[in-house]
Amino acid sequence: MDPGALQPKFRGCLVGLALGDALGAPFEGARAVARAEVFAAAERREVLRYTDDTHMAIGVAESLIACRGFNGRHMAETFVRNFEREPWRGYGPGPPRVFRRIKCGTPWDKAAQDVYPGGSFGNGAAMRAAPVGLFYHRDPEKLREVAYLSGQITHAHPLGKEGAALEAYAAALATVFGPSGSSEDFLARLKAFVTEEVYREKLDRVGHLLGTADAAAVAARLGNGIEAFNSVPAAICCFLRHPGSFEDAVVEAASLGGDADTIASMTGAISGAWLGIGGIPEEWAARLENRVYIEELALGLWEAALA
Ligand code: F2R
Ligand code: MG
Ligand code: MG
């Protein structure tokens, strides 16, 4: 693919991730809402502020750019530094405990092992994984390796790391194949990529949800909770139900309730990569907090990935 054609996809992915996060944030932990409520909540805000999802994805991008690839210690220290600057972003319960251990000298790849039994399978590794997909879009096996390793910093459970790999690979496929690729091929590639049965089974269900008008069925059949194996398939499903419209995909994701900021953020990253920055409503992008810096990171990732 022409490298120049990839640049708007990288920008769309990161702006889409942050916008999805900001649009879904008012509905995190809530019940399902109507589409109109998501639009109205966006309308009421002068600045569309993001949460921990984007804050951590920024850390991933910063570290990949600075190191020209993955360096576990550098990425872990970047997470800690960013968290200490802005601890109020709404982080999950586990990561701040991991960050304290890292500060006390525990190695980056050991600090998260026993935060929960077997490590965390929360979606915190997946929600920040799209920059890994951008950086390694040409090499799915390296992408998987780095998604697992970068996930391991806070989410040691195999299902937490697999969620990160699946979200990163979805962003990579969207970057390479959108917007002219086929949804069926996209889903088939994801199914062939996953190694954990729970994800394969959820992706089978995604296929059955593509023809239905009923958004409530997405949460009912896939789950909309904080666990990676619920929220990552839900995000992929919202994207695939509306591949031609960033607005429809992200608003549906935010309207599901549950972990709405995270599902909408992961949907926005995939949809933004598929459609490119031109597919994202400028009226929303213009009000995104730190939009200039987020776009700078997208360009930095693009340059580093193609170097
Ligand atoms: N933290 C939130 N939302 C809370 C409200 C924020 C509020 N609006 C505010 O401003 O303060 N959202 C963010 O957290 C989620 C990502 O969480 P992460 O990083 O995965 O956290 P953690 O603690 O690792 O896991 C989350 C929960 O999953 C369950 N869990 C994980 N592993 C488990 C295991 N092995 N066994 C049992 N349960 C496990 C636990 O309940 C964890 O608390 C995103 O939604 C982000 O937006
Ligand atoms: Mg959040
Ligand atoms: Mg969330």
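What counts, and at which threshold
Residues numbered from 1 in each chain as written. Chains lettered and ligands numbered in written order. Predicted model: local features only at pLDDT ≥ 70, side-chain atom pairs only at ≥ 80, totals over all residues. Heavy atoms only, no water. Near = heavy atom within 4 Å. Polar contact = N/O pair within 3.5 Å; in protein donor to acceptor, adjacent residues only side chain to side chain. 1 Å grid on protein atoms, 1.4 Å probe; cavity = no way out; pocket = protein on both sides within 12 Å on 5 of 7 lines; lining within 4 Å. Sits in = over half its atoms within 2 Å of the grid points. Helix = DSSP H or I, 4+ residues; strand = E, 2+ residues; numbered from the N terminus. Nonpolar A, V, L, I, M, F, W, Y, C, P; charged D, E, K, R; others polar. Buried < 20%, exposed > 50% of the residue type's maximum accessible area, 1.4 Å probe, protein only. Contact = heavy atoms within 4.5 Å. Core = buried A, V, L, I, M, F, W, Y, C linked by side-chain atoms within 4.5 Å. Salt bridge = Lys/Arg side-chain N within 4 Å of Asp/Glu carboxyl O.

## Side note on the site of ligand 1
Here is step 1: Around ligand 1, a shell composed of 23 residues is seen, among which G94, Y116, S120, H155 and D259 lie nearest.
Here is step 2: Interatomic distance of 3.2 Å between a backbone N/O atom of G90 and a nitrogen atom of ligand 1.
Here is step 3: Between G124 and ligand 1, the recorded distance is 2.9 Å, taken from a backbone N or O atom to an oxygen atom.
Here is step 4: Among the cavities detected, the one that contains ligand 1 is the largest pocket.
Here is step 5: Secondary-structure elements contributing two or more residues to the shell around ligand 1 are α3 (52–67), α5 (94–103) and α14 (260–275).
Here is step 6: In terms of residue class, the shell around ligand 1 is made up of 8 nonpolar, 10 polar and 5 charged.

## Points about the environment of A298
Here is step 1: Summarising the element assignment, A298 is placed in helix α16 (residues 291–306).
Here is step 2: Classification of A298 by relative accessible area gives buried; the value is 0%.
Here is step 3: Distance from A298 to A216, taken between C-alpha atoms, is 33 Å for residues 82 residues apart in sequence.
Here is step 4: Every residue in contact with A298, bar those within four places of it in the chain, is listed here: F10, R11 and L14.

## Notes on the nonpolar core
Here is step 1: With 110 residues, the main nonpolar core has L19, F186, L190, I236 and L301 as its most contacted residues.
Here is step 2: Looking at this core element by element, the count peaks at 11 residues for helix α8 (residues 158–177).
Here is step 3: Among residues more than four places away in sequence, those in contact with I236 are L166, A170, L190, L203 and I270.

## Some remarks on the pattern of salt bridges
Here is step 1: Tallying each qualifying case throughout the model produces 19 salt bridges.
Here is step 2: Salt-bridge contacts for E86 lead to R89; the nearest nitrogen and oxygen are separated by 2.8 Å.
Here is step 3: The partner of R205 in a salt bridge is E201, with the nearest N and O atoms 2.9 Å apart. Taken together, the positions of R205 and E201, both in helix α10 (residues 197–209) and 4 residues apart, correspond to about one turn of that helix.
Here is step 4: Judged by its relative accessible area of 32%, E201 falls in the partly exposed class.

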